[in-house]
Amino acid sequence: MVREKAKNALVFVDSVHFAPHGLIDVRDLGCDFLACSAYKFFGPHMGLLFGRSSLMKEKLRPYKVCLFGKVGVLGN
């Protein structure tokens, strides 16, 4: 529906309430990004993000990356 009105729009889905109750097929949804929080299904307080690989590799570059307490800019 979004792509019918704005063909170049990126589609973001927040699945935090649905994820603990059913399977999610990102291909079927046709979304570019899907986010969830593991704590909703008794996991750690950590965010999950799916990003379509073509966008992640070619068009978007993370500003900051935090790995094990170290913050830096990807590629530096």
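The preceding data block contains the structure.
Just so it is clear, the model here is predicted, and its values are computed rather than measured.

J.: Just give me the short version of the overall build of the protein, but keep the residues and values in it.
T.: A count of helices and strands for the protein gives 3 helices and 5 strands. Secondary structure of the protein in N-to-C order comes out as α-β-α-β-β-α-β-β. Out of the 76 residues belonging to the protein, those deemed buried represent 18%. Of the contacts formed within the protein by residues at least 6 apart in sequence, a portion of 10% connects residues at least 24 apart. Surface accessibility of the protein: about 6,600 Å² in total, with carbon and sulfur atoms responsible for 60%.

J.: Describe in detail the sheet that holds strand β2 (residues 33-37), supporting the description with residues and values.
T.: Backbone hydrogen bonds are what pair the strands of a sheet, in a parallel or an antiparallel way. Spatial ordering of the open sheet is given by β1-β2-β3, a layout of 3 strands whose pairing is mixed. The outermost strands of the open sheet, each flanked by one partner alone, are β1 (12-14) and β3 (47-51). Recorded for the sheet is a direction-independent mean angle of 15° between the axes of neighbouring strands.

J.: Requested: an account of the pattern of salt bridges, with residues and values cited.
T.: In total, this model carries 1 salt bridge according to the counting rule given. R52 is the partner of D32 in a salt bridge, and the nearest nitrogen-oxygen pair spans 2.4 Å. Taken together, the residues span a long stretch of sequence, with D32 in the loop between α2 (26-29) and β2 and R52 in the loop between β3 and α3 (53-58) at a distance of 20 residues.

The rules behind these values
Residues numbered from 1 in each chain as written. Predicted model: local features only at pLDDT ≥ 70, side-chain atom pairs only at ≥ 80, totals over all residues. Heavy atoms only, no water. Helix = DSSP H or I, 4+ residues; strand = E, 2+ residues; numbered from the N terminus. Buried < 20%, exposed > 50% of the residue type's maximum accessible area, 1.4 Å probe, protein only. Contact = heavy atoms within 4.5 Å. Areas by Shrake-Rupley, 256 points an atom, 1.4 Å probe, with all protein chains shown as cover. Pairing = 2+ DSSP bridges. Axes fitted to C-alpha atoms, helices over the stretch in contact; angles between N-to-C directions. Salt bridge = Lys/Arg side-chain N within 4 Å of Asp/Glu carboxyl O.

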